[in-house]
Amino acid sequence: MRVACSSQATMGEVTIRRRPPHGLETQPCGPHAFRVGGLPDENKPQNILEEIVWWKAREVEVMRDKQPLALLQALAKKMDPPRDFKAAILAKAKETGRPGLIAEVKKASPSKGVIQPDFDPVRIAKAYEAGGAACLSVLTDEKFFQGSFQNLTRIRAAGVTCPLLCKEFIVEAYQVFKARASGADAILLIAAVLPNADLAYFMKAATNLGMACLIEVHTEGELARVLQLPGVENHLLGINNRDLGTFKVDLATTKRIMDSEWGQQVKDRGIIMVGESGIFTPEDVAFVQQAGCGAILVGESIVKQGDPETGVKALLA
Ligand SMILES: O=C(O)c1ccccc1NCC(=O)[C@H](O)[C@H](O)COP(=O)(O)O
């Protein structure tokens with residue numbers, strides 16, 4: 001199996017560059033590092049998503065040094081089988097008549113800083129489950145979201161039964177195995193970062209491990225592209241209402257995309273669409289449900305509540 005994917009995107013598919021075009025500003029030199037001066041402006045990340053992705057490449061290298069892929073694969077093999085993420089959403093939606101809730105365990109974000117200072121991931125996860133969430137999303141990024149893979153492991157070990165999404169910025173197959181070895185039942189794949197060849201490759205890796213994928217788009221063009229992926233109906237699609245470049249959040253993004261011919265195709269093919277980000281009220285839930293979403297992914301509005309169980313109940317009321 002190929003373990004690292006190409007840093008070259010197919011022309012026109014993605015605008016996020018996987019690496020700085022002129023190399024890293026800081027170069028390792030034995031036990032030291034030196035700064036390379038005078039690099040052109042194009043060597044700076046064009047937005048936060050690119051900055052996160054560039055950081056990931058280094059982060060994965062460090063993780064691989066500490067825990068080689070073969071070890072991770074052996075650990076992934078020993079895990080209990082994954083839970084059915086898609087089935088949990090469908091079951092909850094059928095039971096309640098509302099979109100299935102993927103409740104996000106989120107301490108902080110680049111757009112909002114710290115959202116929940118009193119952050120106990122296990123307490124929050126249990127409260128979400130008690131409140132009626134179908135599945136949970138656990139942010140594992142440390143640098144930008146103050147999350148961790150350990151949170152995923154701890155939530156799984158604490159007896160939470162909802163299937164878990166590993167909310168990570170995946171650019172390497174290594175991270176897919178890391179997700180499974182940490183107890184994930186599903187992974188996030190971002191179309192703005194990954195061309196279809198890489199999406200297909202990661203979907204295959206996830207499927208082989210029994211996990212589902214949530215494939216996230218933000219534009220009609222990205223949706224048109226991911227609808228061409230073989231077997232995409234076995235996974236979930238998501239529309240992120242947050243522009244990950246500018247942080248602007250607009251629920252109208254979901255409606256506009258679902259009203260397009262590609263949104264119609266999603267409905268015709270029976271694919272679960274997840275409305276993501278910026279969902280604060282029962283009216284917001286009704287709006288994205290009306291637009292055609294069978295599920296919602298919600299972080300800030302419920303994680304910042306003192307009592308997240310009540311927060312979930314109120315949102316789904
Ligand atoms: O949340 C951010 O600021 C952010 C910035 C850059 C990349 C991703 C980001 N968030 C990831 C998400 O998509 C959200 O955590 C998720 O959809 C929940 O959103 P919300 O309910 O608005 O917290």
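Quick caveat, the model's predicted, so the values are computed rather than measured.

## Some points on the pairing of strand β7 (residues 164-167)
Here's step 1: Burial along β7 is two-sided: Leu164 and Cys166 and Leu165 and Lys167, pointing in opposite directions, are all buried.
Here's step 2: Across four bridges, the pairing between strand β6 (residues 135-139) and β7 is parallel. Pairing of Val138 across the sheet is with Cys166, part of β7.
Here's step 3: The β-α-β motif built from β6, the intervening helix α5 (residues 149-157) and the parallel element β7 has right-handed crossover chirality.
Here's step 4: The sheet contact formed by β7 and strand β8 (residues 186-190) spans two bridges and is parallel. Pairing of Cys166 across the sheet is with Ile187, part of β8.
Here's step 5: As for the winding sense of the linkage, the β-α-β connection from β7 through helix α6 (residues 173-181) to β8 is right-handed.

## A short note on the pairing of strand β11 (residues 272-276)
The side chains of a regular strand alternate, residue by residue, between the two faces of the sheet.
Here's step 1: Taken across its five residues, β11 has five buried, putting it largely inside the fold.
Here's step 2: Across three bridges, β11 lies against strand β12 (residues 295-298) in parallel orientation. Of the residues in β12, the one forming a bridge with Val274 is Ala295.
Here's step 3: In this view, the connection linking β11 to its parallel neighbour β12 by way of helix α11 (residues 282-291) has right-handed handedness.

## So, the nonpolar core
Note on soluble globular proteins: their nonpolar side chains tend to be buried together.
Here's step 1: Of all hydrophobic cores here, the largest spans 103 residues; its most connected members are Tyr128, Leu136, Ile187 and Leu237.
Here's step 2: The dominant element in this core, judged by the number of residues it contributes, is helix α1 (residues 48-66), at seven residues.
Here's step 3: Residues contacting Leu136, with those up to four places away along its chain left out, are Phe85, Ile102, Ala103, Ala125, Tyr128, Ile155, Val160, Cys162, Pro163, Leu164 and Leu165.

## Describing the site of the ligand
Here's step 1: Glu104, Lys106, Ser111, Ser277 and Gly299 are the nearest of the 19 residues found near the ligand.
Here's step 2: Here Glu104 contributes a side-chain N or O atom positioned 2.4 Å from an oxygen atom of the ligand.
Here's step 3: Here an oxygen atom of the ligand and a side-chain polar atom of Ser277 are 2.7 Å apart.
Here's step 4: Out of a free accessible area of 520 Å², the ligand has 99% covered by protein chains.

## Some points on the sheet that holds β8
Neighbouring strands of a sheet are bound in pairs by backbone hydrogen bonds; such pairs are parallel or else antiparallel.
Here's step 1: Pairing is parallel around the closed barrel formed by eight strands, whose spatial order is β3-β6-β7-β8-β9-β10-β11-β12. The sheet shows a mean angle of 25 degrees between the axes of neighbouring strands, direction not considered.
Here's step 2: Relative to strand β10 (residues 236-240), strand β9 (residues 212-217) runs parallel, the two sharing four bridges. Bridge assignment links Glu216 to a residue of β10, and that residue is Gly238.

## Observations regarding the side chain of Glu300
Here's step 1: Position of Glu300 relative to the elements: it lies in helix α12 (residues 300-303).
Here's step 2: Residue classification places Glu300 among the buried positions, given a relative accessible area of 12%.
Here's step 3: At 2.8 Å, the side chain of Glu300 forms a polar contact with the side chain of Lys112.
Here's step 4: Apart from the residues within four sequence positions on either side, Glu300 is in contact with Lys106, Lys112, Ile115 and Phe280.

## Quick look at helix α3 (residues 85-96)
Here's step 1: Along its 12 residues, α3 runs 17 Å from first to last C-alpha, staying within 8% of the 16 Å computed at 1.5 Å per residue.
Here's step 2: Among all positions of α3, only Phe85, Ala88 and Ile89 are buried. Angularly, the buried residues of α3 cover 100 degrees about the axis, an arc narrow enough to put them on a single face. Pointing more than 90 degrees away from the buried face of α3 are the exposed residues Lys94 and Glu95.
Here's step 3: A side-chain oxygen of the first residue of α3 lies 3.3 Å from the backbone nitrogen of Lys86; this N-cap is Asp84.
Here's step 4: Following α3 by one or two positions, Gly97 has its phi on the positive side, about 75 degrees.

Quick notes on the rules
Residues numbered from 1 in each chain as written. Predicted model: local features only at pLDDT ≥ 70, side-chain atom pairs only at ≥ 80, totals over all residues. Heavy atoms only, no water. Buried < 20%, exposed > 50% of the residue type's maximum accessible area, 1.4 Å probe, protein only. Helix = DSSP H or I, 4+ residues; strand = E, 2+ residues; numbered from the N terminus. Pairing = 2+ DSSP bridges. Right-handed = clockwise from strand over helix to strand, strands pointing away. Core = buried A, V, L, I, M, F, W, Y, C linked by side-chain atoms within 4.5 Å. Contact = heavy atoms within 4.5 Å. Near = heavy atom within 4 Å. Polar contact = N/O pair within 3.5 Å; in protein donor to acceptor, adjacent residues only side chain to side chain. Areas by Shrake-Rupley, 256 points an atom, 1.4 Å probe, with all protein chains shown as cover. Axes fitted to C-alpha atoms, helices over the stretch in contact; angles between N-to-C directions. Expected span 1.5 Å × (residues − 1). Arc of directions from axis to C-beta.

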